[in-house]
Amino acid sequence: YHDPSKNAIKRAKKTLVALGALTTTGEVTGVGRQMEQFPVESNYARMLVEALEFPKETQAKLAAIIAIQEVGGIVKGGTRFTGWRSYTRQHKSDLLAEYDVYLATPSIPEEMFEELGIVSKNIEKAKEVIERLHHDLGLSDVKLTAVTPEEESPLIRAITAGQIDQLWFKVDDNGILEHVQSGQQRELSSSSVVRNPTLVTGTPFDL
C-alpha cells in the first residue's frame, strides 16, 4: 500500500467541497453524512442523495444508470460503432441513452452486440451491480422501465449534482468546451448523443 500524493488528496477534497460533502474548512456536511450510506463512488453517492426525494421507481432507474457507468459503460465510442444509437431517442444525456440501450438488450440477439457497438461482458457486469445496488437501497422489488418524460429532468438534475465539479460551457460551434473553474478546454466526444450544448457536465478523457 502507498500513501496517496498530496495533490491527489487536495483534488479529492476539492471535489468533495464542490459536491457539498465537505465545508471549505474540511468538516463533513449533512449531505456528506448522507453520501456515506451509499456503497458507490462519491460522485455517484451525491446523485443518489439528490434522488432521495424521488419516487422509488425513479431512484431504481438512477441506480441502474450509475451501475452501468460503474462498469465502464455498455456501448463503444467512436464513429465506427453507432448501431446502438437506434435503441435510444435521447439527446440530452449519454447516461440516459445507455440506460435505454440496456433496457433494449434482452430483445437484441447477442451475436449482434459487437456489430452494434454494445459491450456484452459489461451487460452482465451491469446486471450484477444493479442487483447489488437495488438490494442495498431497498429497491429490489422495483421493476426497471423506460424513463418517462416527467422523470427526465429530475434524473438529469441528480446526475448534474454528482458531476458539478465537471461543469463545462460551449466556447464555439466546433464542439469545444471549457471547464468553468480551471479554464481547460476539451472537445465534445464524437460518440456523445448530446449535440450543440450550451452547458454540460462530463468526465474528460485522453485518447
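For the structure itself, look to the data block above.
No experiment lies behind these values; they were computed from the predicted model shown. (Residues numbered from 1 in each chain as written. Predicted model: local features only at pLDDT ≥ 70, side-chain atom pairs only at ≥ 80, totals over all residues. Heavy atoms only, no water.)

*Asks:* Explain the packing of aromatic side chains here, please?
*Replies:* Aromatic ring pairs are described here by two measures, namely the spacing of the ring centres and the angle between the planes. Enumeration over the complete set of coordinates arrives at 0 aromatic pairs. Cation over ring: Lys76 sits above Phe81, and NZ or CZ is 4.6 Å from the ring centre. (Phe/Tyr/Trp six-rings, centres within 6.5 Å; stacked < 30°, edge-to-face > 60°. Lys NZ or Arg CZ within 6 Å of the ring centre and 35° of its normal.)

*Asks:* Would you take a moment to explain helix H3 (residues 42-50) for this structure?
*Replies:* Working note: α-helix, 3.6 residues per turn, so residues spaced by three or four point in the same direction. Among the 9 residues in H3, 7 count as buried, and that is most of the element. Taken together, the buried positions of H3 are occupied by Tyr44, Ala45, Arg46, Met47, Leu48, Val49 and Glu50. On its buried side, H3 packs onto helix H2 (30-35), helix H4 (56-70) and helix H8 (149-162). (Buried < 20%, exposed > 50% of the residue type's maximum accessible area, 1.4 Å probe, protein only. Helix = DSSP H or I, 4+ residues; strand = E, 2+ residues; numbered from the N terminus. Contact = heavy atoms within 4.5 Å.)

*Asks:* Looking at this structure, I do not really get unusual backbone geometry. What am I missing?
*Replies:* Both trends apply: most residues other than glycine have a negative phi, and most peptide bonds are in trans. Phi angles above zero are rare outside glycine, and Asn196 is one such case at about 50°. Its location among the elements puts Asn196 in the loop between strand E3 (185-187) and strand E4 (199-201).

*Asks:* I would appreciate a short explanation of the pattern of salt bridges in the present structure.
*Replies:* Oppositely charged side chains can pair when the atoms bearing their charge come close. Per the counting criterion, the structure on display carries 10 salt bridges. Put simply, Arg46 and Glu50 hold a salt bridge, and the shortest N to O gap is 3.1 Å. Placement of both Arg46 and Glu50 in helix H3 is noted, with a separation of 4 residues, approximately one turn of the helix. Of the two residues, Arg46 and Glu50, both sit in the buried class. With a shortest N-O distance of 3.3 Å, Lys92 and Glu152 are connected by a salt bridge. Of this pair, Lys92 sits in the loop between H4 and helix H5 (94-104) while Glu152 sits in helix H8, and the two are 60 residues apart along the sequence. If you follow the salt bridges from partner to partner, you end up with Arg46, Glu50, Glu53 and Arg157 in one network. (Salt bridge = Lys/Arg side-chain N within 4 Å of Asp/Glu carboxyl O.)

*Asks:* What am I meant to see in the pairing of strand E1 (residues 167-170) here?
*Replies:* Look at any regular strand and the pattern is simple: side chains alternate between the two faces of the sheet. In the sheet, E1 pairs with E4 via 3 bridges, with the strands oriented antiparallel. When the bridges of E4 are listed, Leu167 appears paired with Thr201. Of the strand pairs in this sheet, E1 and strand E2 (residues 176-179) are connected by 3 bridges, and their pairing is antiparallel. What sits directly across from Trp168, in E2, is His179. Between E1 and E2, which pair antiparallel in sequence order, lie 5 residues; one of them, Gly175, sits at a positive phi of approximately 85°. (Pairing = 2+ DSSP bridges.)

*Asks:* Would you explain helix H7 (residues 120-136) in this entry?
*Replies:* Counted at 1.5 Å a residue, the expected span for H7 with its 17 residues is 24 Å, and the 25 Å between its end C-alpha atoms agrees. Buried within H7 we find Asn122, Ile123, Ala126, Val129, Ile130, Leu133 and His134. Looking down the long axis of H7, one finds its buried residues gathered within 130° of arc, a one-sided arrangement. Set apart from the buried face of H7 by more than 90 degrees, the exposed residues are Lys121, Glu128, Glu131 and His135. Those residues of H7 that are buried lie in contact with H4, H5 and helix H6 (113-116). Remark: Gly138 follows H7 within two positions and exhibits a positive phi of approximately 70°. (Expected span 1.5 Å × (residues − 1). Arc of directions from axis to C-beta.)

*Asks:* How do you make sense of the sheet that holds E2 when you look at a structure like this?
*Replies:* Strand-to-strand pairing in sheets goes through backbone hydrogen bonds, with the strands running parallel or antiparallel. In space, the 4 strands of this open sheet follow the order E3-E2-E1-E4, with antiparallel pairing throughout. On the outer flanks of this sheet lie E3 and E4, each paired with one strand and no other. Direction aside, neighbouring strands of the sheet carry axes that sit 35° apart on average. (Axes fitted to C-alpha atoms, helices over the stretch in contact; angles between N-to-C directions.)

Honestly, that's just the spatial picture; any functional story needs more than this.
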